[in-house]
Structure formats: structure tokens, C-alpha cells
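So you can see what is in the structure, the chains are spelled out below.
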Amino acid sequence: MCQEVNSFNLRNENTILNGLKKHIADRLAWGKKYMSWTTEWTSVIFSDEKRFNLDGPDGFQYYWHCLKQKEQYYSTRQQGGGSLMVWLVVGFGGRSSLVIIKGRQNHKDYIQQLETELLPYGSDWGGENWIYQQDGASIHIAQGVKKWFDDNNVQVLLWPAKSPEYWRKCLGYVNCTCLRTREAI
């Protein structure tokens, strides 16, 4: 058993490398473009979905590994044990209900979700000229979805490809900072 603090190392079994030079350059350009925004972030409505595996880890396995002991390995089921997908929208003025997504979603399902869970509340959560942020999942950037955004006058905040989650956390921090100083805005 390891007792020394220096003998432990945090391991990530599914390391994702986002190091392509183009993606790094795109993220840097995006950051420079929006780094001067202050109160503008109050009009942005952020969305994200998360899948939870019902019988084990969600794809990222972390554990403290003693460097003096043999590493652990995790097995997975070939057929899986099922999963649950949820979606949420958060803005300066409020948030959606937690939406449970049933089955696999296509772009038409996503448009229906936007019509019922986003469009009626956008101005409540982000003001009159609200901006919608989403990631680059294939159903989010499908031609039918782009047409729906145009037809409904929804401005979309472009999101760089291969952006790690910490970008969203940074933006969430900006949004939380704005929430704390809401009276000053």
C-alpha cells in the first residue's frame, strides 16, 4: 500500500488529444474575438447534452494510481447496459427544464426540441437579441437545423471544433460573474 503522497498519480484512462494545430488556432481566434465581451454574455443561451451509462463509467475513468502498484484495467460490456441522455439550456435569465432524450435523436427530433424547449423562452433567458450556443454535433449543424435557425431568426454563436469542456466552464464563469453583478448591468 502506498503511503507517500508523491507516490500517487491521477490517471485518465481515455485521454483525448485536442492538439491539432488548426483546432488550437481556431480556439485561440475564437477566444480573442470574444474576450472583450462583458455584458454581451448575458444574451447568450448555452446548451449541452450529457449521456449517462446506466451500468458503468460515462467514457472517462479517473482513479488515483499508486506508482508502486500494478495499474488497474476496466472492462466494458459488449452489448452495454443502456444509457440516458439529457439536455439543458441555461441563460442569464433562466434555464430550461431538464429534457430527457429518448432513443437516438436525428436533426428533425432536435428541431422539435428547439421549437418546444428553446424558442418560446429564448427572450426570457437571454433578452430580446439572444444568441444560442451549441456544440458541433452532427445533428446540430445539419442543413435542416441551419435552415430552421434562419427561418426563426435565431443567431447562433459559432463554436470551435474539438473544444474541450473547459472552454464552456470559462464561459460559465463569465456568466456566473455577470449573475453576481446583475444589478450593476
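The preceding data block contains the structure.
Starting afresh in each chain, residues are numbered from 1 along the sequence in its written order. Since the coordinates come from a predicted model, pLDDT governs what is reported: local features require at least 70, and pairs of side-chain atoms require 80 or more to be given and counted, while whole-chain, interface and lining totals use all residues. Note that the side-chain values use all heavy atoms of the structure and ignore hydrogens as well as water.

### With respect to the overall build of the protein chain
For the purposes of this entry, the term helix denotes a DSSP run of H or I that reaches at least four residues, the term strand denotes a run of E that reaches at least two, and both are numbered from the N terminus. Summing up its helical and strand segments, the protein chain has five helices and eight strands in all. Listing each helix as α and each strand as β along the protein chain from the N terminus yields β-α-β-β-β-β-β-α-α-β-α-β-α. In this analysis, two residues are considered to be in contact whenever any of their non-hydrogen atoms come within 4.5 Å of each other. Put simply, of all contacts in the protein chain between residues at least 6 apart along the chain, 74% involve residues at least 24 apart. Note on areas: Shrake-Rupley, 1.4 Å probe, and residue coverage restricted to the protein chains presented here. Just so you have it, the protein chain exposes about 12,800 Å², and 54% of that area is on carbon and sulfur atoms.

### What to know about helix α2 (residues 107–117)
Exposure is judged per residue with a 1.4 Å probe applied to protein chains only, and the accessible area is read against the type maximum: over 50% gives exposed, under 20% gives buried, and values in between give partly exposed. The complete set of buried residues in α2 reads Tyr110, Ile111, Gln113 and Leu114. The buried residues of α2 occupy an angular sector of 160° when the element is viewed end-on, so they sit on one face. Those residues of α2 that are buried are in contact with β4 (83–91), β6 (99–101), β7 (131–133) and α4 (143–151). The N-capping residue of α2, defined by a side-chain oxygen 2.9 Å from the backbone nitrogen of Lys108, is Asn106. Taking the helix axis as origin, the arc is that swept by the directions to the C-beta atoms. Think of a polar contact as two N or O atoms within 3.5 Å of one another; within protein, one of them needs to be a possible hydrogen donor and the other a possible acceptor, and neighboring residues in sequence only count if both atoms come from side chains.

### Notes on the nonpolar core
By nonpolar core is meant a set of buried Ala, Val, Leu, Ile, Met, Phe, Trp, Tyr and Cys residues that side-chain atoms within 4.5 Å join together. Formed by 18 residues in total, the largest nonpolar core has its most connected members in Trp87, Leu114, Leu118 and Tyr132. Mapped by element, the contributors of at least two residues to this core are β4, β6, α2 and α4. Within the second largest apolar cluster, nine residues are counted, among which are Trp30, Val44, Phe46 and Ile131.

### Quick word on the side chain of Ser96
Looking at the secondary structure, you find Ser96 in the loop between β5 (94–95) and β6. Sequence-distant contacts of Ser96, defined by excluding residues within four places in its chain, comprise Leu88, Val89, Glu117 and Trp125.

### Comments concerning the pattern of salt bridges
One side-chain nitrogen of Lys or Arg within 4 Å of one carboxyl oxygen of Asp or Glu is enough to make a salt bridge. For the structure shown, the criterion picks out two salt bridges. Of the charged contacts in the structure, one is a salt bridge between Lys147 and Asp151, with a shortest N-O distance of 2.7 Å. On the criterion of helical spacing, the pair formed by Lys147 and Asp151 is a turn pair, its members being four residues apart in helix α4.

### Observations concerning the environment of Gln105
For Gln105, the location among the structural elements is in the loop between β6 and α2. The exposure class assigned to Gln105 is partly exposed, which follows from its relative accessible area of 22%. Between the alpha carbons of Gln105 and Ile139 there is a distance of 7.9 Å; along the sequence they are 34 residues apart. A polar side-chain atom of Gln105 sits 2.6 Å from a polar atom in the side chain of Gln113.

### Thoughts on the packing of aromatic side chains
Working definition: rings of Phe, Tyr and Trp (its six-membered ring) pair if their centres are within 6.5 Å, and the pair is stacked with planes under 30 degrees apart, edge-to-face with planes over 60 apart, and tilted otherwise. By the definition in use, this model includes 10 aromatic pairs. Their ring planes at 45° and their centres at 6.3 Å tell us that Trp30 and Trp41 sit as a pair that is tilted. Here Trp41 lies in the loop between α1 (21–34) and β2 (44–53) and Trp30 lies in helix α1, a separation of 11 residues in the sequence. Taken together, the aromatic side chains of Trp30, Tyr34, Trp37, Trp41, Phe46 and Trp159 make up a single cluster linked through ring pairs.

### Topic: the pairing of β2
The criterion for strand pairing is that DSSP finds at least two bridges linking the strands in question. Inspection of the sheet shows β2 paired to β7 by three bridges, in the parallel sense. Paired with Ile45 across the strands is Tyr132, a residue of β7.

### Regarding the environment of Ser123
Counting through the fold element by element, Ser123 comes out in helix α3 (residues 122–126). A relative accessible area of 42% places Ser123 in the partly exposed class. Between the alpha carbons of Ser123 and Ser43 there is a distance of 8.6 Å; along the sequence they are 80 residues apart. Setting aside chain neighbours within four positions, we find Ser123 in contact with Glu128 and Trp130.

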